[in-house]
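Next come the chains, spelled out residue by residue.
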Amino acid sequence: MKYLDPKADLTFKKVFGEHPDLVKSLLNALLPFKTADEYIEDIEYLPSEMVPDTPFKKNSIVDVRCRDCRGRLFIVEMQMLWSSAFMQRVLFNASKAYVRQLGGAEKYELLQPVYSLNLVDDIFMPDITDYYHDYKIVHVEHSDKVIEGLRFVFVELPKFKAHTYTEKKMQALWLRFLTEIDGRTREIPQELLDNPEIKKAVDQIEQSAFNDAQLLGYDDFWDAVRVEKTLVSDALKEGMEKGMKEGRAEGRAEGRAEGRAEGHAEGHAEGRAEGLAEGKRNNQLEIARKMKEMGMTADVIAQVTGLAPGEIETA
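The written sequence of each chain sets the order in which its residues are numbered from 1. Local features in a predicted model are, by the rule used here, given only for residues with pLDDT of at least 70; side-chain atom pairs are given and counted only at 80 or more, and totals for whole chains, interfaces and linings are based on all residues. Hydrogens and water are ignored here; the side-chain numbers use all heavy atoms of the structure.

## Brief notes about the environment of T185
1) Next: Secondary structure elements follow DSSP: runs of H or I no shorter than four residues count as helices, runs of E no shorter than two count as strands, and numbering proceeds from the N terminus. Along the chain, T185 turns up in the loop between α4 (169-180) and α5 (190-193).
2) Next: Under the scheme applied here, a residue whose accessible area is under 20% of the maximum for its type counts as buried, over 50% as exposed, and between as partly exposed, the area being computed with a 1.4 Å probe on protein chains only. Owing to a relative accessible area of 9%, T185 belongs among the buried residues under this scheme.
3) Next: Placed 184 residues apart in sequence, T185 and M1 show a C-alpha to C-alpha distance of 8.5 Å.
4) Next: Dropping the residues within four chain positions of it, T185 is found in contact with M1, K2, Y3 and E180. In what follows, a contact means two residues having at least one pair of non-hydrogen atoms within 4.5 Å.

## A closer look at the sheet that holds strand β8 (residues 146-156)
1) Next: Paired strands, in this sense, are two strands between which DSSP finds at least two bridges. A sheet is described by the order of its strands in space; here six strands give the open sequence β1-β4-β5-β6-β8-β7, paired in mixed fashion. What marks the edges here is a single partner per strand, and that holds for β1 (43-46) and β7 (132-138). Mean inter-strand twist for the sheet, computed between neighbouring axes without regard to direction, equals 20°.
2) Next: Taken together, the four bridges between strand β4 (residues 64-68) and strand β5 (residues 73-79) define a ladder with antiparallel strand orientation. Across the sheet, the residue bridging to V64 is V76, located in β5.
3) Next: Simply put, an axis is a line fit to the C-alpha atoms, just over the touching stretch for a helix, and the angle between two N-to-C directions goes from 0 to 180 degrees. The strands touched by helix α3 (residues 84-99) within the sheet are β5, β6 (114-120), β7 and β8, with β8 carrying the most contacts at an inclination of about 140°.

## As for the layout of surface pockets
1) Next: A 1.4 Å probe that fits but cannot get out identifies a cavity on a 1 Å grid over protein atoms alone, an open set with protein on both sides within 12 Å along at least five of seven lines counts as a pocket, and a residue lines either if it has an atom within 4 Å of a point. Grid points are joined across faces, edges and corners, and a volume is the space filled by probe spheres set on the points. By volume, the second largest pocket is sized at about 370 Å³.
2) Next: Forming the boundary of the second largest pocket are 16 residues, of which L31, P32, Y132, K168 and Q171 lie nearest the centre.
3) Next: Counting only elements with at least two residues in the lining of the second largest pocket, the list comes to α2 (20-30) and β7.
4) Next: With three residues, the single largest contributor to the lining of the second largest pocket is α2.
5) Next: Of the residues belonging to the lining of the second largest pocket, the class tally is nine nonpolar, two polar and five charged. Residues are grouped as follows: Ala, Val, Leu, Ile, Met, Phe, Trp, Tyr, Cys and Pro are nonpolar; Asp, Glu, Lys and Arg are charged; all remaining types, including Gly, are polar.

## So, the environment of D134
1) Next: Residue position: D134 is located in strand β7.
2) Next: Along the sequence, D134 and L117 sit 17 residues apart, while their C-alpha atoms lie 9.5 Å from each other.
3) Next: If near-sequence neighbours (up to four positions away) are discounted, D134 is found in contact with P32, R151, F152 and V153.
4) Next: Counting of polar contacts relies on pairs of N or O atoms within 3.5 Å, with two restrictions inside protein: one atom must be capable of donating a hydrogen and the other of accepting it, and residues adjacent in sequence are counted only when both atoms are side-chain atoms. In terms of polar contacts, D134 uses its side chain to reach the side chain of R151, at 2.8 Å.

## Things to note about the packing of helix α1 (residues 9-16) against α4
1) Next: Between α1 and α4, the shortest axis-to-axis distance is 12 Å and the interhelical angle comes to 155°. Of the possible angle classes, the one that applies to α1 and α4 is roughly antiparallel. Seen along the crossing, α1 lies across α4 with a hand that is right-handed. Packed against α1, whose contacting residues are F12, V15 and F16, the element α4 presents W174, F177 and L178 at the interface.
2) Next: Here the contact of α1 with α4 is composed, by residue class, of six nonpolar, no polar and no charged. In this scheme, roughly parallel covers angles under 35 degrees and roughly antiparallel covers those over 145, while 65 to 115 is roughly perpendicular and the rest are oblique. Crossing chirality is assigned from the near helix's rotation relative to the far helix, an anticlockwise turn below a right angle marking it left-handed and a clockwise turn marking it right-handed.

Rendered as C-alpha coordinates:
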(Lines give C-alpha, C1' and ligand atoms only; values in the text may rest on other atoms or scores of the structure.)
Protein backbone atom coordinates (compact mmCIF):
# COMPACT_ATOMS: atom_id res chain seq x y z
CA MET A 1 0.00 0.00 0.00
CA LYS A 2 1.26 3.49 -0.89
CA TYR A 3 0.39 6.64 1.03
CA LEU A 4 0.69 10.37 0.40
CA ASP A 5 2.14 12.80 2.92
CA PRO A 6 -0.72 14.23 5.03
CA LYS A 7 1.04 17.60 5.34
CA ALA A 8 0.64 18.42 1.62
CA ASP A 9 -2.06 20.91 0.73
CA LEU A 10 -4.13 18.33 -1.18
CA THR A 11 -4.10 15.64 1.50
CA PHE A 12 -4.40 17.95 4.52
CA LYS A 13 -7.55 19.56 3.13
CA LYS A 14 -8.97 16.16 2.16
CA VAL A 15 -8.53 14.79 5.68
CA PHE A 16 -9.46 17.83 7.75
CA GLY A 17 -11.49 19.90 5.30
CA GLU A 18 -13.96 17.18 4.26
CA HIS A 19 -14.52 15.19 7.47
CA PRO A 20 -15.98 17.16 10.40
CA ASP A 21 -15.37 14.32 12.86
CA LEU A 22 -11.64 14.31 12.06
CA VAL A 23 -11.07 18.05 12.34
CA LYS A 24 -13.13 18.02 15.56
CA SER A 25 -10.85 15.31 16.96
CA LEU A 26 -7.73 17.22 15.90
CA LEU A 27 -8.94 20.45 17.50
CA ASN A 28 -9.96 18.75 20.74
CA ALA A 29 -6.55 17.06 20.91
CA LEU A 30 -4.39 20.10 20.17
CA LEU A 31 -6.23 23.12 21.53
CA PRO A 32 -5.61 24.08 25.19
CA PHE A 33 -8.98 22.97 26.56
CA LYS A 34 -8.86 22.35 30.31
CA THR A 35 -12.34 21.16 31.25
CA ALA A 36 -14.85 18.76 29.68
CA ASP A 37 -17.35 21.50 28.86
CA GLU A 38 -14.75 23.25 26.67
CA TYR A 39 -14.45 20.38 24.22
CA ILE A 40 -16.11 20.64 20.82
CA GLU A 41 -19.26 18.54 20.53
CA ASP A 42 -20.28 19.26 16.96
CA ILE A 43 -18.81 21.25 14.10
CA GLU A 44 -19.78 22.73 10.74
CA TYR A 45 -17.50 23.91 7.95
CA LEU A 46 -17.36 27.53 6.85
CA PRO A 47 -15.94 28.76 3.52
CA SER A 48 -12.13 28.77 3.69
CA GLU A 49 -12.10 32.02 1.73
CA MET A 50 -13.04 35.16 3.68
CA VAL A 51 -14.11 37.65 1.02
CA PRO A 52 -13.71 41.30 2.09
CA ASP A 53 -16.68 43.64 2.51
CA THR A 54 -15.28 45.98 -0.16
CA PRO A 55 -12.91 45.37 -3.09
CA PHE A 56 -10.32 47.60 -1.44
CA LYS A 57 -9.73 45.24 1.49
CA LYS A 58 -7.52 42.15 1.54
CA ASN A 59 -8.92 38.72 0.68
CA SER A 60 -8.04 35.80 2.98
CA ILE A 61 -7.84 32.07 2.34
CA VAL A 62 -7.13 29.53 5.09
CA ASP A 63 -6.82 25.73 4.97
CA VAL A 64 -9.82 24.94 7.18
CA ARG A 65 -12.38 27.21 8.85
CA CYS A 66 -15.25 25.90 10.96
CA ARG A 67 -17.66 26.67 13.80
CA ASP A 68 -19.04 24.62 16.67
CA CYS A 69 -22.59 24.53 18.02
CA ARG A 70 -21.77 27.29 20.53
CA GLY A 71 -20.62 29.64 17.80
CA ARG A 72 -16.89 29.42 18.53
CA LEU A 73 -14.76 29.78 15.41
CA PHE A 74 -11.73 27.64 14.50
CA ILE A 75 -9.05 28.19 11.88
CA VAL A 76 -6.57 25.43 11.03
CA GLU A 77 -3.44 26.05 8.95
CA MET A 78 -0.65 23.75 7.75
CA GLN A 79 2.57 25.63 6.96
CA MET A 80 5.61 23.93 5.43
CA LEU A 81 8.20 26.73 5.80
CA TRP A 82 8.32 29.33 8.54
CA SER A 83 8.58 33.07 7.96
CA SER A 84 7.75 36.06 10.14
CA ALA A 85 5.07 36.98 7.60
CA PHE A 86 3.19 33.77 8.41
CA MET A 87 2.63 34.81 12.02
CA GLN A 88 1.33 38.18 10.82
CA ARG A 89 -1.01 36.40 8.40
CA VAL A 90 -2.30 34.20 11.23
CA LEU A 91 -3.02 37.27 13.36
CA PHE A 92 -4.72 39.00 10.43
CA ASN A 93 -6.96 36.04 9.56
CA ALA A 94 -8.02 35.37 13.16
CA SER A 95 -8.75 39.05 13.78
CA LYS A 96 -10.79 39.26 10.60
CA ALA A 97 -12.80 36.18 11.59
CA TYR A 98 -13.45 37.73 15.01
CA VAL A 99 -14.69 41.14 13.85
CA ARG A 100 -16.79 39.73 10.99
CA GLN A 101 -19.08 37.93 13.44
CA LEU A 102 -21.17 41.06 14.03
CA GLY A 103 -23.27 43.19 11.77
CA GLY A 104 -23.66 46.90 12.41
CA ALA A 105 -26.65 46.58 14.75
CA GLU A 106 -25.50 43.61 16.84
CA LYS A 107 -24.02 43.74 20.32
CA TYR A 108 -20.39 43.04 21.21
CA GLU A 109 -21.56 40.55 23.84
CA LEU A 110 -22.49 38.19 21.01
CA LEU A 111 -18.89 37.81 19.89
CA GLN A 112 -17.53 34.27 20.27
CA PRO A 113 -13.85 33.24 20.66
CA VAL A 114 -11.66 32.49 17.66
CA TYR A 115 -9.07 29.71 17.97
CA SER A 116 -6.22 29.56 15.47
CA LEU A 117 -4.35 26.23 15.25
CA ASN A 118 -1.16 26.39 13.18
CA LEU A 119 0.91 23.31 12.34
CA VAL A 120 4.39 24.22 11.10
CA ASP A 121 6.77 21.72 9.51
CA ASP A 122 9.73 23.90 10.45
CA ILE A 123 11.55 25.07 13.57
CA PHE A 124 11.11 28.76 14.34
CA MET A 125 12.03 28.82 18.05
CA PRO A 126 15.40 27.01 18.16
CA ASP A 127 16.15 28.27 21.66
CA ILE A 128 13.02 26.60 23.12
CA THR A 129 12.76 22.81 23.38
CA ASP A 130 8.95 22.67 23.55
CA TYR A 131 7.08 22.02 20.32
CA TYR A 132 3.80 23.53 21.56
CA HIS A 133 3.32 27.31 21.78
CA ASP A 134 0.10 28.76 23.22
CA TYR A 135 -0.58 32.50 22.85
CA LYS A 136 -3.33 34.58 24.43
CA ILE A 137 -3.84 38.22 25.37
CA VAL A 138 -2.67 38.71 28.96
CA HIS A 139 -1.82 41.52 31.33
CA VAL A 140 1.93 42.23 31.18
CA GLU A 141 2.44 42.18 34.96
CA HIS A 142 -0.45 39.89 35.96
CA SER A 143 -0.60 37.03 33.48
CA ASP A 144 -3.66 35.56 35.19
CA LYS A 145 -5.67 38.52 33.86
CA VAL A 146 -6.75 37.52 30.35
CA ILE A 147 -8.69 39.24 27.57
CA GLU A 148 -10.74 36.49 25.99
CA GLY A 149 -11.50 36.35 22.29
CA LEU A 150 -8.38 35.31 20.40
CA ARG A 151 -6.23 32.23 21.06
CA PHE A 152 -3.28 31.13 18.93
CA VAL A 153 -1.55 27.75 19.02
CA PHE A 154 1.61 27.02 16.99
CA VAL A 155 3.05 23.51 16.77
CA GLU A 156 6.64 22.93 15.57
CA LEU A 157 6.25 19.45 14.07
CA PRO A 158 9.99 18.62 13.74
CA LYS A 159 10.40 18.97 17.52
CA PHE A 160 7.67 16.49 18.37
CA LYS A 161 8.83 13.23 19.97
CA ALA A 162 5.97 10.84 20.67
CA HIS A 163 7.52 8.92 23.54
CA THR A 164 7.73 12.02 25.75
CA TYR A 165 4.04 12.89 25.46
CA THR A 166 2.24 9.60 25.98
CA GLU A 167 -0.03 11.16 28.61
CA LYS A 168 -1.78 13.14 25.84
CA LYS A 169 -2.85 10.17 23.79
CA MET A 170 -4.89 11.78 21.00
CA GLN A 171 -2.47 14.69 20.68
CA ALA A 172 0.40 12.24 20.28
CA LEU A 173 -1.55 10.12 17.77
CA TRP A 174 -2.47 13.05 15.55
CA LEU A 175 1.06 14.45 15.62
CA ARG A 176 2.44 11.00 14.81
CA PHE A 177 0.01 10.85 11.88
CA LEU A 178 1.42 14.15 10.59
CA THR A 179 5.10 13.43 11.25
CA GLU A 180 5.60 9.69 10.67
CA ILE A 181 3.78 9.28 7.35
CA ASP A 182 5.13 10.53 4.03
CA GLY A 183 5.37 9.47 0.40
CA ARG A 184 7.83 6.69 1.28
CA THR A 185 5.56 5.06 3.87
CA ARG A 186 4.44 1.55 3.00
CA GLU A 187 3.30 0.32 6.41
CA ILE A 188 1.40 2.29 9.06
CA PRO A 189 2.25 1.66 12.75
CA GLN A 190 -0.40 -0.55 14.30
CA GLU A 191 -1.00 1.78 17.24
CA LEU A 192 -2.20 4.42 14.75
CA LEU A 193 -4.50 1.99 12.97
CA ASP A 194 -5.97 0.84 16.29
CA ASN A 195 -7.59 4.25 16.75
CA PRO A 196 -10.74 4.59 14.59
CA GLU A 197 -10.27 8.30 13.86
CA ILE A 198 -6.62 7.96 12.86
CA LYS A 199 -7.50 4.85 10.81
CA LYS A 200 -10.11 6.87 8.91
CA ALA A 201 -7.57 9.64 8.28
CA VAL A 202 -5.03 7.06 7.02
CA ASP A 203 -7.61 5.70 4.58
CA GLN A 204 -8.02 9.19 3.11
CA ILE A 205 -4.35 9.48 2.15
CA GLU A 206 -3.99 6.17 0.34
CA GLN A 207 -2.55 6.94 -3.07
CA SER A 208 -5.27 4.87 -4.75
CA ALA A 209 -7.88 7.36 -3.48
CA PHE A 210 -6.58 10.09 -5.79
CA ASN A 211 -6.90 10.50 -9.56
CA ASP A 212 -4.04 11.31 -11.94
CA ALA A 213 -4.73 15.05 -11.98
CA GLN A 214 -4.70 15.19 -8.18
CA LEU A 215 -1.45 13.23 -8.00
CA LEU A 216 0.11 15.64 -10.49
CA GLY A 217 -0.95 18.55 -8.30
CA TYR A 218 0.47 16.74 -5.27
CA ASP A 219 3.85 16.39 -7.01
CA ASP A 220 3.77 20.05 -8.06
CA PHE A 221 3.21 21.04 -4.43
CA TRP A 222 6.34 19.24 -3.26
CA ASP A 223 8.34 20.63 -6.20
CA ALA A 224 7.39 24.14 -5.08
CA VAL A 225 8.36 23.36 -1.47
CA ARG A 226 11.77 22.03 -2.59
CA VAL A 227 12.40 25.10 -4.75
CA GLU A 228 11.53 27.44 -1.89
CA LYS A 229 13.81 25.57 0.50
CA THR A 230 16.64 25.72 -2.05
CA LEU A 231 16.21 29.47 -2.54
CA VAL A 232 16.24 30.06 1.20
CA SER A 233 19.34 27.88 1.62
CA ASP A 234 21.18 29.51 -1.29
CA ALA A 235 20.35 33.01 -0.12
CA LEU A 236 21.57 32.26 3.37
CA LYS A 237 24.77 30.63 2.07
CA GLU A 238 25.45 33.55 -0.27
CA GLY A 239 24.95 36.05 2.52
CA MET A 240 27.27 34.15 4.86
CA GLU A 241 30.01 33.77 2.24
CA LYS A 242 29.83 37.44 1.20
CA GLY A 243 29.81 38.62 4.79
CA MET A 244 32.79 36.41 5.72
CA LYS A 245 34.80 37.55 2.68
CA GLU A 246 34.12 41.24 3.28
CA GLY A 247 34.69 40.87 6.99
CA ARG A 248 38.07 39.16 6.53
CA ALA A 249 39.23 41.75 3.99
CA GLU A 250 38.16 44.68 6.11
CA GLY A 251 39.64 43.12 9.21
CA ARG A 252 43.03 42.56 7.56
CA ALA A 253 43.12 46.10 6.14
CA GLU A 254 42.23 47.76 9.40
CA GLY A 255 44.60 45.54 11.33
CA ARG A 256 47.54 46.39 9.05
CA ALA A 257 46.76 50.12 9.03
CA GLU A 258 46.43 50.37 12.77
CA GLY A 259 49.47 48.20 13.32
CA ARG A 260 51.65 50.40 11.07
CA ALA A 261 50.42 53.53 12.79
CA GLU A 262 51.55 52.20 16.13
CA GLY A 263 54.99 51.53 14.71
CA HIS A 264 55.80 48.47 16.77
CA ALA A 265 54.85 44.81 16.98
CA GLU A 266 52.48 45.17 19.87
CA GLY A 267 50.55 47.91 18.16
CA HIS A 268 50.38 45.85 14.99
CA ALA A 269 49.04 42.83 16.87
CA GLU A 270 46.45 44.84 18.74
CA GLY A 271 45.36 46.65 15.61
CA ARG A 272 45.04 43.44 13.65
CA ALA A 273 43.03 41.82 16.44
CA GLU A 274 40.67 44.77 16.64
CA GLY A 275 40.36 44.83 12.86
CA LEU A 276 39.54 41.14 12.71
CA ALA A 277 36.97 41.60 15.46
CA GLU A 278 35.37 44.43 13.54
CA GLY A 279 35.46 42.30 10.42
CA LYS A 280 33.68 39.49 12.23
CA ARG A 281 31.03 41.92 13.40
CA ASN A 282 30.52 43.19 9.84
CA ASN A 283 30.18 39.57 8.76
CA GLN A 284 27.50 38.97 11.36
CA LEU A 285 25.61 42.12 10.39
CA GLU A 286 25.68 41.17 6.71
CA ILE A 287 24.29 37.71 7.49
CA ALA A 288 21.61 39.30 9.70
CA ARG A 289 20.58 41.65 6.90
CA LYS A 290 20.24 38.76 4.46
CA MET A 291 18.21 36.71 6.94
CA LYS A 292 15.90 39.67 7.63
CA GLU A 293 15.31 40.07 3.90
CA MET A 294 14.32 36.39 3.81
CA GLY A 295 11.72 37.03 6.54
CA MET A 296 13.47 35.01 9.25
CA THR A 297 12.62 35.75 12.87
CA ALA A 298 14.90 37.66 15.22
CA ASP A 299 15.22 34.51 17.35
CA VAL A 300 16.60 32.51 14.44
CA ILE A 301 18.93 35.35 13.35
CA ALA A 302 20.27 35.67 16.89
CA GLN A 303 20.84 31.91 17.03
CA VAL A 304 22.88 31.96 13.78
CA THR A 305 24.80 35.24 14.20
CA GLY A 306 25.07 35.68 17.97
CA LEU A 307 23.93 39.30 17.63
CA ALA A 308 21.78 40.99 20.25
CA PRO A 309 18.14 41.90 19.39
CA GLY A 310 19.00 45.60 19.15
CA GLU A 311 21.82 44.92 16.70
CA ILE A 312 19.57 42.74 14.57
CA GLU A 313 16.89 45.44 14.50
CA THR A 314 19.33 48.08 13.17
CA ALA A 315 21.25 45.76 10.81
